[in-house]
Amino acid sequence: MDNNNYMLQKSEAICIFLIIMANKLILNVPYYIISLVGTGAIVNVIYIGLLDFVFVFVLIKLFDKFQNSDIIDISEYLGGKPLKWIIGIIFIAVFFIVAFITLVDFTNILQRIYFSDFPIIYILLFFIAAISIANLSGLRAISRTTSFIVVLTLISIIVTLFGIWGDVTIENFTPILGHNLRTTFLVGASNCFSMYFITYIYFIKPVLKDPVGFKKVVLTSYGLSWLLLLLTIIPIMTLFNIDVSNEPINALYLIARKIELGNFLQRVDALFIFLWILSIFAYLSIVIYFINRTMKKLINVSNEKMLTFSNCSILLGLALIPINISHLRFIENTFYRYMILIIIFGLGMLIMLLANVKFKWKGKKKA
Amino acid sequence: MIKEFFHKIFSYTDSEKYEFILSNTNNNIPKEEYEKKDTTTVYPTLSVNLEYIKTKYNLLINTDIKTREFVLPIKSKNFSACLLYIDGMVSENAINEFILQPLLLRNSITMQENSNTTAITKNISVKRVRKFNLEDFIYNSLIPQNSITKETRFSQIVSNVNSGFCALIVDTLPVVFCIETKGFKGRSVTEPITESVIKGSHEGFVENIRTNTSMIRKIINNEKLIIEEVSVGKISQTKVAICYMKDITNDDLVAEAKYRINHLDIDFLLSSGQLEQFIKDNANMAFPQMISTERPDRTCHYLLSGRVAVLVNGSPFSIILPAVLIDLLTSAEDANLNYHYANFLRFIRALALFFALTLPGMYIAITTYHHELIPSELLSAIITAREAIPFPIIFEILIMELSFELIQEASIRVSSSFSTTVGIIGALILGEAAVSANIVSPILIIIVAFTGISGFAITDNTLRFAIRMFRFMYIVLGYAAGFLGITLGFYIHFLLLANTSSFGVPYFAPYIPFSNITENNNFHMKPVWKRERRSQFLNTKKPEMENSISMKWRKNGQ
């Protein structure tokens, strides 16, 4: 099959969703949940799990009417080309911001741990090279590579979690409802952003080999992602004093540092970093792929691969904007959180609802 | 004498250097003329045919093309005839005993027997007169050869003669009899050189395609084994055999293999390695996309699993298609061993693949960027060992790796009597002396030696080449950015391999894309009685390989 028209199998689509989620876990998202709701994190994760599930379920239902369409096609259906362009640009901006945050955050971690003598652009170029080559190789290569990497990444995360299982004490999780009900359930509802992979539900349907399996893919991915989030929360709550305002460099990395495998491999975190770099490569390649794909729909280029170099250059340019860590943390914890909530949970859902209304209205008119 | 002596010393003489310069004038034969097909047909006159053959074969300068003219006495008539063959490619005994003797000796006897009369009554006898056809008579009664064809086109006659047939041209006949008299010398069946096993067959393929196909037939005693033959190469007309099991192999796979082989517009094909490069899916991919084996038993194993085997005349290797990455980690011996040992060996080979590819790069990465990964005692030992070395670590490791590659290449190219010497020189000079001279550290010798040995544990020769080459890439990446660089290398490798397929089968099958990994073609080998199904990715006509209860004797005993 032509690589340009490659369609994802169900398992490949699930792997793509899981790698998106795994990257959020690697990059401190569980810590942001805990920092907001304190010891009520477990209850909060179960609560946001339910909220997100309802959202995802409604979204699947709303997509029923639109076979082989993503949100860009649906916007065009709803409001013609102007709306298609507006929604397209908004989602491209979201993808760029997310990719930028991930890239800057992770390269900063790497620079601080291993490459303190090197300029940040040196590290960035390795990531840009990986993303460019991946996108030039096409969706088939990206999805199959992701299928392999996601297994390794999940194993590394689970080993990390179980590596410190012995330190888990019940005192760390009490009071189970956190500071108060308002924080855990009302303010804590904003933690819905942690299931960020929902963004890609808006785009995955046209690239699925079997669009009928859309529901199965989304629900399976959702279930596994939620389970992973819950499992990650527990050891982080065990190890970090949530009242201390100093945010760790990377919660999962610090947990990995505590694992010792005998005398020889004293610090297995280096091995985990190796796997996590792979998962960041895969994740960023997916983000750039969807940016390329969305742009292709907007500007009608024949092949999205042509946009790879320009989009990777934009990403590199964004990542080179001088930004200090506290600003980055603010963008990650606050700006990113509300951006996801407003655009993905708000705007996206609104478009889908209105498109369904139009569909029904048109159907009635025809009848 | 004295005069001559002084003349030699003091006089000028022209240099005796002989110089030949290849003319650069354009003497190209036009392509159209070269590719023009010979459609000339056989004339009913021997002298005209002979004249044509003499021109075609350049008989005045070609010494091994032989013609034997003689007279064929049939029905009291004498027909001029001629045999055409290539000396060295035919069996002279076969020509003498099965062509010339029947034609010249038995022919006269046959004629006497045929000239009898039949008595109807006591006084009346009728002479039986049958319509005589010379062509049929020669074909049916005179030549006792099993393989004989009648050809009318010279192109076909020449092709047959070139492959060891003997052509019989008879005056007045517009056909030529091509009689199989192949008798060229070849290497006898010996043990495979590159795939020796302890527990298994010790027969290997040879250069003769017919011997090779017979070795396959000998193992697979079934009429459903199809061996199709095609010629590849406009000049060389190399015989290529496409083998598959008619009731097992997927028809599309067979059709695709035939399509690719039949659509090669090349002058010559000399080996299976060359053919492999011509028909592989991704021409720029360094990793092997087909299995190359010189073992008939391994070829048969793959044929029975639903794959296609291709044999090339003149090459002692068969190529198996399609191939996936896991196949390259398997050995011919795996099937003969208890599954515990086979799995252990596969694990060792996978480990060897990893070390052969990345160990020097990892060493550089750990010693330059990731010190924390190894115990401080070991780190201090490495640092102490490197104290006296004046070169940066990348230079040190590249020197050793290049030296190792040189030794490897030299020991293959020289004759076996020198290879021991090369080995000793390599071990002594590059090992002991380099350490004593403080050019490399002792620990690096261990790393390079371990990497080299790991490389030898890889079963597939082509994969070994790829690993040797990419090792240098990982060294550079490890030096450039430690694990980040090596990870980039891995990622690019994954992408390239994930995008690769071999005759429509993904390279990472059966794992990626996910399929039924309970099937047989897994990295983990199942016990022999549980290998019930053929690989799902081959989509064979007969998915089951064994009954769910293959050891019925156990069931019956209960």
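Parameters at a glance
- Residues numbered from 1 in each chain as written.
- Chains lettered and ligands numbered in written order.
- Predicted model: local features only at pLDDT ≥ 70, side-chain atom pairs only at ≥ 80, totals over all residues.
- Helix = DSSP H or I, 4+ residues; strand = E, 2+ residues; numbered from the N terminus.
- Rg over C-alpha atoms; globule rule 2.2 N^0.38 Å.
- Buried ≥ 20, exposed ≤ 12 C-beta atoms within 10 Å, placed from the backbone.
- Contact = placed C-beta atoms within 7 Å.
- Axes fitted to C-alpha atoms, helices over the stretch in contact; angles between N-to-C directions.
- Parallel < 35°, antiparallel > 145°, perpendicular 65-115°, else oblique.
- Left-handed = near helix turned anticlockwise from the far one by under 90°.
- Nonpolar A, V, L, I, M, F, W, Y, C, P; charged D, E, K, R; others polar.
- Expected span 1.5 Å × (residues − 1).
- Domains from an automatic or database assignment.
- Pairing = 2+ DSSP bridges.

**Student:** Even after reading the chapter, I still don't get the overall build of chain B, so can you show me in this structure?
**Tutor:** Of regular secondary structure, chain B possesses 17 helices and 14 strands. Computed over C-alpha atoms, the radius of gyration of chain B comes to 33 Å, more than 25% over the 24 Å expected from 2.2 N^0.38 for 558 residues, which places it beyond the range of a compact globule. Projected onto the principal axes, the alpha-carbon positions of chain B cover approximately 120 × 110 × 45 Å. When the 558 residues of chain B are sorted by exposure, 33% land in the buried category. Across chain B, every contact between residues at least 6 apart in sequence was considered, and the portion connecting residues at least 24 apart equals 65%.

**Student:** Even after reading the chapter, I still don't get the overall build of chain A, so can you show me in this structure?
**Tutor:** What chain A contains, in helices and strands, is 13 helices and zero strands. N-terminal to C-terminal, the α/β element order of chain A is α-α-α-α-α-α-α-α-α-α-α-α-α. On C-alpha atoms alone, chain A measures out to a radius of gyration of 21 Å, which is about the 21 Å that the 2.2 N^0.38 rule sets for 367 residues. The C-alpha extent of chain A, read off along each of the three principal axes, is 70 × 45 × 35 Å. Taking the contacts inside chain A whose residues are at least 6 apart along the sequence as the reference set, 84% of them involve residues at least 24 apart.

**Student:** I would appreciate a short explanation of the packing of helix α11 (residues 339-368) of chain B against helix α16 (residues 461-498) of chain B in the present structure.
**Tutor:** In helix packing, the relevant descriptors are the interaxial angle and the interaxial distance, both defined with respect to the helix axes. Residue and element names in this part refer to chain B. Contact geometry of α11 with α16 gives a least axis separation of 7 Å together with a crossing angle of 30 degrees. By the criterion of interaxial angle, the relationship of α11 to α16 is roughly parallel. Between α11 and α16 the crossing geometry is right-handed. Facing Leu353, Ala356, Leu357, Thr358, Pro360, Gly361, Met362, Ile364, Ala365 and Thr368 of α11, the residues of α16 in contact are Ile467, Phe470, Arg471, Tyr474, Ile475, Leu477, Gly478, Tyr479, Gly482, Phe483 and Ile486. Grouping the constituent residues of the contact of α11 with α16 by class yields 15 nonpolar, five polar and one charged.

**Student:** It is not clear to me how helix α14 (residues 416-436) of chain B should be interpreted in this structure. Could you clarify?
**Tutor:** Three or four residues apart is the spacing at which side chains of an α-helix point the same way, because the helix has 3.6 residues per turn. Taking 1.5 Å of rise per residue, the 21 residues of α14(B) would be expected to cover 30 Å, and the 29 Å separating its terminal C-alpha atoms lies within 8% of that figure. B:Asn438 occupies a position one or two residues after α14(B) and carries a positive phi of about 55 degrees.

**Student:** Even after reading the chapter, I still don't get the domain arrangement of chain B, so can you show me in this structure?
**Tutor:** By a widely used convention, the size of an interface equals the accessible area lost when the partners come together. The domains assigned to chain B are domain 1 (39-114 + 131-180), domain 2 (209-323) and domain 3 (350-506). Just the C-alpha atoms count here: the centres of domain 1 of chain B and domain 3 of chain B sit 63 Å apart.

**Student:** Is there a simple way to explain the interface of chain B and chain A in this structure?
**Tutor:** Contact residues are listed per partner, giving 23 residues for chain B and 31 residues for chain A. Across the side of chain B that touches chain A, the residue classes tally to 17 nonpolar, five polar and one charged.

**Student:** Please clarify how the packing of α11(B) against helix α15 (residues 442-456) of chain B should be interpreted in this entry.
**Tutor:** All names here are of chain B. At a closest axis distance of 7 Å, the pairing of α11 and α15 adopts a crossing angle of 160 degrees. Relative to α15, α11 is oriented roughly antiparallel. In this structure, α11 meets α15 at a crossing whose hand is left-handed. Here Ala352, Phe355, Ala356, Leu359, Pro360 and Tyr363 of α11 come into contact with α15, specifically with Ile447, Val448, Phe450, Thr451, Ser454 and Gly455.

**Student:** When you look at the sheet that holds strand β2 (residues 77-86) of chain B in this model, what are you seeing that I'm missing?
**Tutor:** Strand pairs in the sheet, formed through backbone hydrogen bonds, run parallel or antiparallel to each other. Residue and element names in this part refer to chain B. Strand order in this open sheet of five strands is β1-β2-β6-β7-β5, and the pairing throughout is antiparallel. A strand with exactly one partner marks an edge of an open sheet, and here the two such strands are β1 (65-74) and β5 (148-151). Neighbouring strand axes in the sheet, compared pairwise and without regard to direction, differ in orientation by 25 degrees on average. Where β2 lies against strand β6 (residues 165-170), four bridges are found, and the strand directions are antiparallel. Note that in β6 the partner of leucine 84 across the bridge is alanine 167. Its contacts with the sheet place helix α3 (residues 46-56) against β2 and β6, and it is angled at close to 15 degrees to β2. Across the sheet, helix α6 (residues 154-162) lies against β2, β5, β6 and β7 (176-180), angled at about 140 degrees from β6, the strand it touches most.

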